[in-house]
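# Per-entry structural report
Here are the chains, one letter per residue:
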Protein chains: 2
Amino acid sequence: MKLIPTILCGGAGSRLWPVSRELHPKPFIRLGDGQSLLQKAWLRGAALPDVVETLTVTNRELFFKTEDEYREVADIVGGKDLTNRFILEPFGRNTAPAIAAATLQVAATQGEDACLLVLAADHLIADQAAFAQAVSKAMQLAAQGRLVTFGIQPDMPETGYGYIEVDLDSPVPFVGGPAGESAGFPVARFVEKPDLEKALEYLASGRHLWNSGMFCFQAGTMLREMQQHCPEILAASRACLEQSRTAEGKSFSQVDLDATAFKLVPDDSIDYAVMEKSSNVAVVPCSIGWSDIGSWTALGALTAPDARGNRIEGEVTLHDVSNCCIHSNQRMVGAVGVNDLIIIDTPDAVLIADRSRAQDVKHIYARLKAEGHKTYRLHSTVHRPWGTYTVLEEGRHFKIKRIEVKPGASISLQMHHHRSEHWVVVSGMARVVNGQQELFVNTNESTYIPAGHKHRLENPGLLNLVMIEVQSGEYLGEDDIVRFDDVYGRS
Amino acid sequence: MKLIPTILCGGAGSRLWPVSRELHPKPFIRLGDGQSLLQKAWLRGAALPDVVETLTVTNRELFFKTEDEYREVADIVGGKDLTNRFILEPFGRNTAPAIAAATLQVAATQGEDACLLVLAADHLIADQAAFAQAVSKAMQLAAQGRLVTFGIQPDMPETGYGYIEVDLDSPVPFVGGPAGESAGFPVARFVEKPDLEKALEYLASGRHLWNSGMFCFQAGTMLREMQQHCPEILAASRACLEQSRTAEGKSFSQVDLDATAFKLVPDDSIDYAVMEKSSNVAVVPCSIGWSDIGSWTALGALTAPDARGNRIEGEVTLHDVSNCCIHSNQRMVGAVGVNDLIIIDTPDAVLIADRSRAQDVKHIYARLKAEGHKTYRLHSTVHRPWGTYTVLEEGRHFKIKRIEVKPGASISLQMHHHRSEHWVVVSGMARVVNGQQELFVNTNESTYIPAGHKHRLENPGLLNLVMIEVQSGEYLGEDDIVRFDDVYGRS
């Protein structure tokens, strides 16, 4: 049975502002080891036995960034010639539409027997071996025609998660596993996020597990269940896929969901739309070191504390400080006489929150979004298909950017009406079209693009091209751009 | 009687880090109205009746910066053709050596009858009219041959200041003042910083005033008192002045104290060396809205609080925050569920302190200084005689600076062995010497200085020249510079 790790990469992670932003959401947060949550999710799936392709459902605007993330860690599962398929959403639409599209696509291309393993892009699973065993149990249950969930053994009366009540009386044997070990159990029922009293009761019961939001099922099983419980979602998703553009390449395929048709797919979660209604759901209880990294408290806890309970990343100078979580990127953070604070410093925004209020960071994000403040949406470093740019400084009539172009990548042939640009190459080598001229600009050389000149920048080399761009003009908005030809389809 | 406001500009203001730095000390801190404490001190003296010159004692490294500060606000006391004299110290040496040098210099150039009004560069005085009246009282007392101090009417049992005990029984009449009003009183004694119990007693006594550190005296009086109470300080200061270089210009004079000789002047405060020993000290009690802006609590208090007691400067987004003092310069500060914090954000460092621990911020400064961390000494914007530079970004083999050159100013003829420089003018116009070439570089033009080329940059215009410099090379330290010719005497 084919297994296709299916990564759902959505959700802003507004409680992890200022590191997470609308266009740099939670899955892209890097941990202390340099890997992002998304990379870890992809590796988690890719490393499973016999996996030869992955499927990722994500926002269209995050596609290039996601590809970059996967490429960066592909060597870790080296030897495997993996195909990374994508379904690109024009906007977020909850989990049921995402899973419907993924299931339909897998059924059409891999057959109804193929098995989807739905993974969240922004969770952490510390124990890969335990995870792999849980997946092999889930595959057995899925092969028996069940929808399978993964239930996390609770270790505290958490009120922020939904719970799964297990029918302990009907264990399903684990074929080929240790004697007496079951693969899983039927689900008695799903229960909503409880209050503390209920949560304590669930913790004590021994019959309640956290709903991790991961699933495993054969494509055909899910299609039948959707046909029964949410036929409108299934039909609208099918219609949407039919109207969507598909691109196929070597070890690559990409479905770009049609926005008009996707808007007609009802917005619902897979739990409400299918799981809670189906009588055919099993659960694999797991202890796999799972965390949903739901707030700065959880993310901070990944850093080891010092003698005073401070969890530090970056440069800090502390005087009488304890139990604080401090992350700094470039700046010196000085703290005096404070306790139980979360202090997160980024190039253009800093967060100071009481530790007990980590959940409320989402209100800051929401306010910034409502006000259209740039710090809810973008970091000062912005990802583009060809690389990144970072605004170093803006002043009256000038703007300075550091531009990094990936090897082999190029910026579209373009023209600006209102600004001229000076380009100084500080690392690597550029091939530049500047009006009628075509030239190479080497490290420590520069060129000048007058306003009105068509120009293109390309990195023909094998190393990153790093360039300083000094823009000069009366109007310097990013929207002063005419694209003539764009390899990324944006002209 | 000539009155010479004498501004002592020393002291780091380590409790006001990260805004104050060793080379941007407390007097240079700008308040909400855009004026620095130093500018306010200078204006305070310059605005007094009949003042035609000022004298400033400051560190040599702060000279150009101080001149810039004065030039910026000179128009406010416009019409006055003021001479700004300077005594430049090679290093800090407490108040007695500074006042000895100032007194000797005034006596030599203006005569022993001339009156010095010693002002701290980093205090705030809200009521200029009351201050002017206090000065006119002090001048009467000084004319009678007294050393005069200014005593601040206490309104709380402050334990951080020294106190002056007043001999209330012997008022000195205020000639020409309102009937019955005295000019001042003899000082009974100076008392050290008290504990809280003593401070409460002083507050209740009605006979104790805060020692503001401001003084008024005729040069001859101070010389006689020093001869009597600290003859070694006087003699060493006299010897030092004799060995020091003096420069005189139109409305300008500058004594550059000889470092070797200055080191021989005993390090002492004017209070210990003279005031506490003399029987000839009078005090003018004042209510002039004085504050020594000793910590972020005091500086924060200058901003009006919002409904929840938050005192805000800059961009912030708050959720359930109260009684915080937040200053942000360029970044968004988000805060959640915190109270009574001081949050100060600067381009390269951020401070988070409990409000009750504002005094302890000095420990952060001390630690950074001990570790030689750049954030104790410099801001990312560095002041030079010719203007400023700001490091925007440093990377492997490149560094990017924004350079601002004042109208008429020029950078020394210089050469770098290891780096070449690209200059892009984004505002104003530059005259550039580049090897054998001399050229003008206008806004939106650029030039390239190869390593090994002698070059000079000059702003021949009437507006600031703003330039982006992209340095490229194997070694980019500020010490890779050969100066051939420098109008500021640094070659």
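Per an unreviewed UniProt entry, chain A is named mannose-1-phosphate guanylyltransferase, and its organism is Sulfurimicrobium lacus. Its UniProt record, at the heading Catalytic activity (unreviewed entry), says of chain A: "alpha-D-mannose 1-phosphate + GTP + H(+) = GDP-alpha-D-mannose + diphosphate". Chain A has a UniProt comment under Sequence similarities (unreviewed entry) that states "Belongs to the mannose-6-phosphate isomerase type 2 family."

Right, let's get into the pattern of salt bridges. Tallying each qualifying case throughout the model produces 61 salt bridges over all chains. One salt bridge connects B:Lys137 with B:Glu181, and the closest N-O pair in it is separated by 2.6 Å. Taken together, the residues B:Lys137 in helix α4 (residues 128-143) and B:Glu181 in the loop between β8 (172-173) and β9 (182-191) connect sequence positions 44 residues apart. Looking at B:Glu181, the relative accessible area reads 26%, which means it is partly exposed. Linked through salt bridges whose partners overlap, the residues forming this network are A:Glu22, A:Glu61, A:Lys369 and A:Arg377.

Here chain B sits on chain A after a turn of 180 degrees about the axis and a move of 0.0 Å along it, with an RMSD of 0.0 Å. What the rotation and shift describe, once combined, is the action of a two-fold rotation axis. Scanning chain B for the C-alpha nearest the rotation axis identifies B:Leu392, at a separation of 3.2 Å. Here 100% of the interface residues in chain B have copies in chain A that are interface residues too; the copies meet face to matching face.

Here we come to the environment of A:Ala41. Residue and element names in this part refer to chain A. The residue Ala 41 is located in helix α1 (residues 37-46) in this model. Residue class for Ala 41 comes out buried when judged on its relative accessible area of 0%. Here the alpha-carbon distance between Ala 41 and Thr 6, two residues 35 residues apart in the chain, equals 9.7 Å. Contact partners of Ala 41, with chain neighbours within four places excluded, come to Ile 7, Leu 119, Ala 120 and Ala 121.

On to the interface of chain B and chain A, then. Contacts between the two partners involve 52 residues from chain B and, on the opposite side, 52 residues from chain A. The three residues of chain B that bury the most area against chain A are B:Arg331, B:Val336 and B:Ile352, which together make up 15% of that side's buried surface. On inspection of chain B and its partner chain A, the count reaches 5 salt bridges. Where A:Asp345 meets B:Arg331, a salt bridge forms, and the shortest distance between an N and an O atom there is 2.8 Å.

On to the packing of aromatic side chains, then. The geometry of an aromatic ring pair comes down to the distance between the two centres and the angle between the two planes. Residues and elements named next belong to chain A. Summed over all chains, the structure comprises 20 aromatic pairs over all chains. Taking the centre distance of 5.2 Å and the plane angle of 20 degrees together, the rings of Trp 42 and Tyr 70 count as stacked. Here Tyr 70 lies in helix α2 (residues 63-73) and Trp 42 lies in helix α1, a separation of 28 residues in the sequence. Ring geometry for Tyr 365 and Tyr 376: centres 5.9 Å apart, planes at 85 degrees, overall edge-to-face. Residue Tyr 365 is located in helix α11 (residues 361-370), and its partner Tyr 376 is located in helix α12 (residues 374-377); the two are separated by 11 residues in the primary sequence. The residues Tyr 365 and Tyr 376 share a single accessibility class, namely buried. Here the basic side chain of Lys 65 rests over the ring of Phe 28, its NZ or CZ set 5.0 Å away from the ring centre.

With that settled, consider empty space enclosed by the protein. Here the idea is plain: a probe the size of a water molecule rolls over the atoms and shows the empty space left. All names here are of chain A. Per the stated rule, a full pass over the model turns up 1 cavity of 30 Å³ or more. Roughly 30 Å³ of volume is contained in the largest cavity. Together, Ile 4, Glu 53, Leu 55, Arg 85, Gln 105, Val 106, Thr 109 and Gln 110 line the largest cavity. Put simply, the parts of the chain that give the lining of the largest cavity at least two residues each are β2 (53-59) and α3 (95-110). In terms of residue count, the dominant contributor to the lining of the largest cavity is α3 (4 residues). When its residues are assigned to classes, the lining of the largest cavity shows 3 nonpolar, 3 polar and 2 charged.

What follows covers the side chain of A:Lys137. The buried category is assigned to A:Lys137, whose relative accessible area is 8%. The contacts of A:Lys137, once residues within four sequence positions are left out, are A:Phe174, A:Glu181, A:Ser182, A:Ala183 and A:Val284.

All names here are of chain A. In spatial order, the strands read β27-β26-β29-β24-β31; together these 5 strands make up an open sheet with antiparallel pairing. Since the sheet does not close on itself, it has two edges, and those belong to β27 (437-442) and β31 (482-485), each with one partner. Each neighbouring strand pair of the sheet contributes to a mean axis angle of 25 degrees, computed without reference to strand direction. Sheet topology note: the strand β24 (residues 410-415)/β31 ladder contains 3 bridges and is antiparallel. Looking at the pairing, Leu 413 lines up with Asp 485 of β31.

Glancing now at the domain arrangement of chain A. When the parts come together, some accessible area is lost, and that loss is often what is quoted as the size of the interface. Residues and elements named next belong to chain A. The assigned domain composition of chain A is domain 1 (3-291), domain 2 (298-366) and domain 3 (381-485). The interface of domain 1 with domain 2 comprises 15 residues on the first partner and 16 residues on the second. Between Asp 348 and Arg 21 there is a salt bridge, with its nearest N and O atoms 2.8 Å apart. Across the contact surface, domain 1 and domain 2 share 3 residue pairs in polar contact (both at pLDDT 80 or more). A breakdown of the residues in the side of domain 1 that touches domain 2 according to their chemical character gives 8 nonpolar, 4 polar and 3 charged.

If you walk across this open sheet you meet the 6 strands as β15(A)-β17(A)-β19(A)-β20(A)-β18(B)-β16(B), and the pairing is mixed. Looking at strand neighbours, the two that pair on one side only are β15 (311-313) of chain A together with β16 (316-319) of chain B, the edges of this open sheet. Averaged over all pairs of adjacent strands, the angle between their axes in this sheet comes to 5 degrees, without regard to strand direction. Pairing analysis gives 6 bridges linking strand β19 (residues 341-346) of chain A to strand β20 (residues 349-354) of chain A, with the strands arranged antiparallel. Each residue of the ladder has a partner; that of A:Thr346, found in β20(A), is A:Ala349. Against the sheet, α11(A) touches β20 of chain A together with β16 and β18 (332-336) of chain B, its axis set at about 135 degrees to β16(B).

Reading guide: rules and limits
- By convention here, each chain's residues receive numbers from 1 onward along its written sequence.
- Written order decides the labels, with chains lettered from A and ligands numbered from 1.
- Given that the model is predicted, a residue must reach a pLDDT of at least 70 before its local features are reported, and side-chain atom pairs must reach 80 or more before they are shown or counted; all residues, however, enter totals for whole chains, interfaces and linings.
- Water and hydrogen atoms were dropped before computing side-chain values, which therefore reflect all heavy atoms in the structure.
- UniProt positions are given in the numbering used here, feature names are shortened, and annotations may be inferred rather than shown by experiment.
- For this analysis, a salt bridge means a side-chain nitrogen from Lys or Arg found within 4 Å of a carboxyl oxygen belonging to Asp or Glu.
- Under the scheme used here, helices are H or I runs from DSSP no shorter than 4 residues and strands are E runs no shorter than 2 residues, and both carry numbers assigned from the N terminus.
- Categorising residues by exposure relies on relative accessible area from a 1.4 Å probe, with only protein chains included: less than 20% of the type maximum marks a residue as buried, more than 50% marks it as exposed, and the intermediate range marks it as partly exposed.
- Only residues with pLDDT of at least 70 in both copies count here: their C-alpha atoms drive the least-squares fit that superposes the copies.
- Any two residues whose heavy atoms approach within 4.5 Å at even a single point are treated as in contact.
- Computed with a 1.4 Å rolling probe, the buried area is the accessible surface lost when two parts are put together, summed over both parts.
- Only centres within 6.5 Å qualify two rings of Phe, Tyr or Trp (six-membered ring in Trp) as a pair; their planes then separate them into stacked at under 30 degrees, edge-to-face at over 60, and tilted for everything else.
- Here, a charge over a ring is recorded when the distance from Lys NZ or Arg CZ to the ring centre is within 6 Å and its angle to the ring normal is within 35 degrees.
- In this analysis the probe radius is 1.4 Å and the grid spacing 1 Å, with only protein atoms considered; a cavity is a set of points the probe fits into but cannot get out of, a pocket is an open set with protein on both sides within 12 Å along at least five of seven lines, and lining residues have an atom within 4 Å of a point.
- Grid points are joined across faces, edges and corners, and a volume is the space filled by probe spheres set on the points.
- Any residue outside Ala, Val, Leu, Ile, Met, Phe, Trp, Tyr, Cys, Pro, Asp, Glu, Lys and Arg is labelled polar, Gly included; the first ten of those are nonpolar and the last four are charged.
- When DSSP finds two or more bridges between two strands, those strands count as paired.
- Only the stretch in contact is used when fitting a helix axis, every axis being a line fitted to C-alpha atoms; angles between N-to-C directions are given from 0 to 180 degrees.
- Domain delimitation in this document rests on an assignment produced automatically or drawn from a domain database.
- Distance and chemistry together define a polar contact, namely a pair of N or O atoms within 3.5 Å, with one atom able to donate a hydrogen and the other to accept it when in protein, and with adjacent residues in sequence counting only for side-chain atoms on both sides.

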